[in-house]
Amino acid sequence: MRYAVAALVLTGSLSSLWLAVRGVHADESWRAEGGQGVVVAGGPGPEAAEAGIAVLKDGGNAVDATAATLLVLSVIDPGNFCFGGEVPWLVYDGERRMVEVVAGQGVAPRLATREHFATKGGIPPTGIEPAAVPAAFDSILTALDRYGTITFTRAAQPMLTALGNRSDAWCGDLAKTIRELMEVEKTASDRRQGLRRVADHFYRGPIAWRIDKWSRASGGLLRYADLATHTTRIEQPVTGEYRGMTIVKCGIWTQGPMLLQTLQLLEGFELASLGPTDPQCVHLAVESLKLALADRDTYYGDPLFSDVPLRELLSPSYAETRRSLIDRGRASRELRPGDPLTARPLKAPAAKPAAGTGGPQRDTTTCLVADRFGNVVAATPSGWGGVTAGDTGVQLGSRLRSLTMEAGHANEVLPGKRPRITLTPTIVLKDNRPVLAVSVAGGDLQDQVSLQMLLATIDFAQSPAQAVTLPRYSTAHHIGSFSQPPAKLGSLSINPEAGGAVIERLKALGHDVSESTGPIGHPCVLRIDPVTGRKEAAGDPRALKDNAPEVIVSKYSSDNVTLTVRVWCAPSDEGAMRSSMNLALRNAVKSGFA
């Protein structure tokens with residue numbers, strides 16, 4: 001699976017530049033800083049980030065740039081984020097000084113019942129049936145309408161260019177669909193009306209009917225009514241305090257509040273004197289994660305369908321009683337959900353969440369944007385393009401596999417319900433101004449790695465570049481979020497760079513330690529100085545592979561510089577790679593590059 005932060009672009013006045021660098025050992029190939037705007041995006045090349053930066057240079061804001069970036073990502077990286085996938089956004093509005101959630105997650109179609117999937121032996125992990133209603137596109141249109149300044153046509157122009165550079169059949173079909181939507185937009189009298197007409201044409205017009213016809217003929221569950229009733233909710237975020245900072249996450253239909261629960265537990269421990277890879281720090285973080293993940297697997301789900309006890313889960317008194325379960329000298333080997341309604345540390349009786357069979361994980365990339373107007377966007381786009389909806393060129397995701405077949409569970413599969421997803425961007429505020437944004441690719445690893453980025457930058461005062469290069473760790477001591485594979489109790493993966501002494505001490509504490517030589521999750525971090533507006537961003541350089549073909553830094557002018565950093569890496573799954581990378585990279589793989 002490839003979770004690479006593959007392009008990083010910033011604008012601003014830079015004191016020094018690398019004008020042209022080849023190979024993977026260039027010091028500046030994975031980090032940069034500037035004063036005007038920043039776009040950090042995943043993907044196999046820089047096109048997505050360059051699309052966003054071009055919008056910023058033309059006077060657009062962070063939401064405009066995010067829209068252009070996401071649309072290109074859906075073309076160049078469809079194995080990790082497809083046009084018919086999903087993307088939760090956190091948007092900091094610099095004028096109103098507040099964060100809102102653009103809930104870009106589709107629901108289960110009306111035919112997606114537990115009874116239906118029971119006849120299939122469960123929710124299939126791939127194919128046409130696990131597709132949720134496509135949500136990413138409407139989230140883009142909704143965000144442009146609420147916060148943006150540009151038209152859909154302007155946002156989609158780089159996407160059309162990217163589609164024209166690719167020879168896959170679906171690219172030609174999707175290009176026709178995008179041009180059709182551009183023509184519809186021309187009939188509007190103003191920008192916002194144009195965005196609404198584009199949305200109506202896709203979700204309630206001819207394109208929706210074409211998707212319906214294809215789905216019926218192909219054994220799918222999507223119908224016109226599912227598309228016609230789709231809406232992108234604007235929600236209030238969930239927040240928590242940590243060391244004087246406000247941590248902002250999407251709602252409990254994501255795993256985001258789990259990070260807040262973990263931080264509440266850790267706030268009861270003094271960490272700064274330990275160091276980020278001190279075995280006691282790692283132990284406390286992992287034990288806190290185990291408790292928060294147990295609650296996630298027991299209680300989290302779409303709050304529009306389930307009475308999820310979010311307020312109680314985030315209660316300081318509940319965190320205090322749960323903290324008492326953490327043994328500084330011994331790793332836990334039990335799944336231990338708590339009882340937030342009674343503030344008791346353990347749920348009684350200790351029910352073991354139902355587990356499924358598991359399955360492949362092939363999606364998710366990253367996107368962070370900040371502009372010179374004080375706006376910040378953190379988004380985590382996803383959706384494995386397993387099937388294409390006929391001649392529309394729209395690739396659909398497979399997010400229904402994050403729902404469970406367990407009757408009565410908050411995340412039980414039901415028509416019209418959002419899956420509890422792993423996608424979980426983060427914004428951190430200080431005095432109600434954004435100082436950090438984090439996006440991580442990696443499924444269940446996302447908030448485990450986000451936690452380590454926050455500990456590094458808040459507790460240990462490290463820069464984004466330092467944070468993303470620290471040795472990382474994770475645990476599978478939880479029910480998996482994709483077809484619910486069972487927990488690996490006591491497990492702890494860690495990069496060997498943490499050191500032999502650290503690893504041996506963690507083993508002595510009772511952790512089942514395995515060393516991971518590859519990256520554990522793929523984070524990108526953006527830090528903003530609230531006084532000067534200076535921006536620093538970094539993506540994990542371990543995404544780079546030896547003999548990567550190219551790293552490019554481009555200078556546009558002496559005063560207002562655009563810095564483009566291209567990072568290539570090879571996925572472990574060649575099939576996913578071939579569907580998402582351009583022809584040059586495919587040829588490089590065939591010749592033995594990856």
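Conventions adopted
- Residues numbered from 1 in each chain as written.
- Predicted model: local features only at pLDDT ≥ 70, side-chain atom pairs only at ≥ 80, totals over all residues.
- Heavy atoms only, no water.
- Helix = DSSP H or I, 4+ residues; strand = E, 2+ residues; numbered from the N terminus.
- Contact = heavy atoms within 4.5 Å.
- Buried < 20%, exposed > 50% of the residue type's maximum accessible area, 1.4 Å probe, protein only.
- Pairing = 2+ DSSP bridges.
- Expected span 1.5 Å × (residues − 1).

You can see Val502 is positioned in helix α16 (residues 500-508). In the structure, Val502 is positioned 224 residues away from Asp278 in sequence and 6.8 Å away in space, judged by C-alpha atoms. Setting aside residues no more than four positions away along its own chain, Val502 makes contact with Thr277, Pro279 and Ile494.

This part is about the pairing of strand β9 (residues 367-370). Working note: regular strand, side chains alternate between the two faces of the sheet. The alternating pattern of β9 places Cys367 and Val369 on one face and Leu368 and Ala370 on the opposite face, and all of these are buried. Bridge count for strand β3 (residues 37-41) against β9 is four bridges, and the pairing is antiparallel. In the strand pairing of β9, Val40 is matched with Leu368. Pairing of β9 with strand β10 (residues 376-379) involves four bridges; the strand directions are antiparallel. Among the inter-strand pairings, Val369 is bridged to a residue of β10, identified as Val377. Where β9 hands over to β10, the hairpin turn is made up of five residues, of which Gly374 adopts a positive phi near 95°.

All right, on to helix α8 (residues 206-218) then. Its 13 residues give α8 an end-to-end C-alpha distance of 18 Å, which sits within 8% of 18 Å, the value for a rise of 1.5 Å per residue. Along α8, the residues that are buried comprise Ile207, Ala208, Ile211, Asp212, Trp214 and Ser215. Against α6 (169-186), α7 (191-203), α9 (224-228), β11 (387-388) and β12 (395-396) lie the buried residues of α8.

Non-glycine residue Arg243 carries a positive phi angle of around 50°. Assignment of secondary structure puts Arg243 in the loop between β7 (238-242) and β8 (245-249). A positive phi angle, near 65°, is found at Asn432, a position not held by glycine. Along the chain, Asn432 turns up in the loop between β13 (426-430) and β14 (433-441). Given the relative accessible area of 36%, Asn432 is considered partly exposed.

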